[in-house]
Amino acid sequence: MSYNLLKGKKGIIFGALDEKSIAWKVAMRAKEEGAEFVLTNAPIAMRMGEINKLAEACNAQIIPADATSVEDLENLFTKAQEILGGKIDFVLHSIGSSPNIRKGKSYGDLNYDWFQKTLDISALSFHKVMHVAEKQDAMNEWGSIVALSYIAAQRVFPDYTDMSHAKAVLESIARNYGYRLGRAKKIRVNTISQSPTKTTAGTGVGGFDAFFDYADKMSPLGNAPAEACADYCISLFSDLTRYVTMQNLMHDGGFSSMGISEDIVELISK
Ligand SMILES: NC(=O)c1ccc[n+]([C@@H]2O[C@H](COP(=O)([O-])OP(=O)(O)OC[C@H]3O[C@@H](n4cnc5c(N)ncnc54)[C@H](O)[C@@H]3O)[C@@H](O)[C@H]2O)c1
């Protein structure tokens, strides 16, 4: 159902790789709510071509950008404002990748060059996005910037290895830039800490099925699906959440407040 929550708003959506991507669902919902936006992803991710289908469905243009490259981001923000005919109201950073996880390196055996790559792609890119937006004065007052995080920033999930550090940095960047952009232009910056979700990035983590099921059984509402995460993003882009900033917002069906659930007790007692 559409409430026209984003009517007249202009955005940039990073990270739609395929139909399962959280960013894909956000784009579809943003379109439904009346937003105009550009889609962006790393040039290498474009090769799959899936994003073209989304662009067509949303009547959106695609501007390739490697989010670790300030030069690419400058081009992105310049072109996005040209295409959309004005400043930007919302940005979704839905980007994550760890070469160490992809290549099955355990926490005690991390490759440090790859570790730095993980941090650059999954956390520093968020800083770079806001740095470029600020330098270009590309955002409207009361704009909203959201990045996606995971509870491994606060708790230990052994197979999440270096991504847990990237998420901790990401959340810290949201607070620090949230302060800066809030003072400068009333722009809010938040992270959403999402339940395990069956996407390319998600299922790449070792033991994903086990911790997906575990989180589902721990959470009174069950795991939050990607579609519900998209709804939450839309609410944060809308004018209904103008005083929410510098927060890491749990979107996890209650998981983060649980100690143990009856379902887990039952499983262990078997
Ligand atoms: N899937 C989960 O279980 C889960 C849970 C919590 C948080 N998240 C977070 O949600 C976000 C989106 O992931 P997803 O689950 O939709 O998976 P996804 O694989 O669909 O999306 C990840 C995206 O990051 C993009 N990307 C990678 N390197 C990039 C670069 N250098 N420049 C620009 N883009 C780049 C990929 O092309 C891809 O589109 C990530 O931040 C992820 O950590 C996912």
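Looking at an unreviewed UniProt entry, the chain carries the name Enoyl-[acyl-carrier-protein] reductase [NADH], with the source organism given as Pontibacter ruber. What UniProt states about the chain under its Catalytic activity (unreviewed entry) heading is, verbatim, "a 2,3-saturated acyl-[ACP] + NAD(+) = a (2E)-enoyl-[ACP] + NADH + H(+)".

## As for the overall build of the chain
Tallying secondary structure elements over the chain gives 11 helices and 6 strands in all. Relative to the globule expectation of 18 Å for 270 residues, the C-alpha radius of gyration of the chain, 18 Å, shows essentially globular dimensions. Projected onto its principal axes, the C-alpha coordinates of the chain cover approximately 60 × 40 × 40 Å. The buried share of the chain, taken over its 270 residues, is 45%. Expressed as a percentage of contacts within the chain between residues at least 6 apart in sequence, the contacts between residues at least 24 apart total 74%.

## With respect to the sheet that holds strand 1 (residues 10–14)
Strand order in this open sheet of 6 strands is 2-1-3-4-5-6, and the pairing throughout is parallel. In this open sheet, the two edge strands, each paired with only one partner strand, are strand 2 (36–40) and strand 6 (248–251). Across this sheet, the average inter-strand angle for adjacent strands is 20°, counted without regard to direction. Both strand 1 and strand 2 contribute to a ladder of 5 bridges, which runs parallel. Across the sheet, Gly11 pairs through a bridge with Phe37, a residue of strand 2. Relative to the sheet, helix 4 (residues 70–84) contacts strand 1, strand 2 and strand 3 (88–93), its axis offset from that of strand 2 by approximately 150°. Each of strand 4 (139–149), strand 5 (188–194) and strand 6 is contacted by helix 7 (residues 161–185), which is oriented at about 155° to strand 5, the strand it contacts most.

## Quick notes on the environment of Ile145
Summarising the element assignment, Ile145 is placed in strand 4. Each residue touching Ile145, except ones within four places of it in the same chain, is listed here: Val91, Met130, Ile187 and Val189.

## Notes on the site of the ligand
Ser21, Gly96, Thr199, Ala201 and Gly202 are the nearest of the 27 residues found near the ligand. Elements that contribute at least two residues to the shell around the ligand include exactly helix 1 (22–32), strand 4 and helix 8 (200–203). Sort the elements by how many residues they give to the shell around the ligand and helix 8 lands first, with 3 residues. Residues that form the shell around the ligand fall into these classes: 13 nonpolar, 13 polar and 1 charged.

## Quick notes on unusual backbone geometry
The phi dihedral of Thr161 falls on the positive side, at around 25°, and the residue is not glycine. Mapped onto the fold, Thr161 is located in helix 7.

## Observations concerning the packing of helix 6 (residues 112–135) against helix 7
For the pair helix 6 and helix 7, interaxial distance at closest approach is 8 Å and the crossing angle is 15°. Viewed along their axes, helix 6 and helix 7 adopt a mutual orientation that is roughly parallel. As for how helix 6 packs across helix 7, the hand of that crossing is right-handed. Note on element contacts: helix 7 touches helix 6 through Asp162, Met163, His165, Ala166, Val169, Leu170, Ile173, Tyr177 and Leu181, opposite Phe115, Thr118, Leu119, Ser122, Ala123, Phe126, His127, Met130 and Glu134. Residue composition of the contact of helix 6 with helix 7, grouped by class: 12 nonpolar, 4 polar and 2 charged.

Parameters at a glance
- Residues numbered from 1 in each chain as written.
- Predicted model: local features only at pLDDT ≥ 70, side-chain atom pairs only at ≥ 80, totals over all residues.
- UniProt positions renumbered as here; feature names shortened; annotations may be inferred.
- Helix = DSSP H or I, 4+ residues; strand = E, 2+ residues; numbered from the N terminus.
- Rg over C-alpha atoms; globule rule 2.2 N^0.38 Å.
- Buried ≥ 20, exposed ≤ 12 C-beta atoms within 10 Å, placed from the backbone.
- Contact = placed C-beta atoms within 7 Å.
- Pairing = 2+ DSSP bridges.
- Axes fitted to C-alpha atoms, helices over the stretch in contact; angles between N-to-C directions.
- Near = placed C-beta within 6 Å.
- Nonpolar A, V, L, I, M, F, W, Y, C, P; charged D, E, K, R; others polar.
- Parallel < 35°, antiparallel > 145°, perpendicular 65-115°, else oblique.
- Left-handed = near helix turned anticlockwise from the far one by under 90°.

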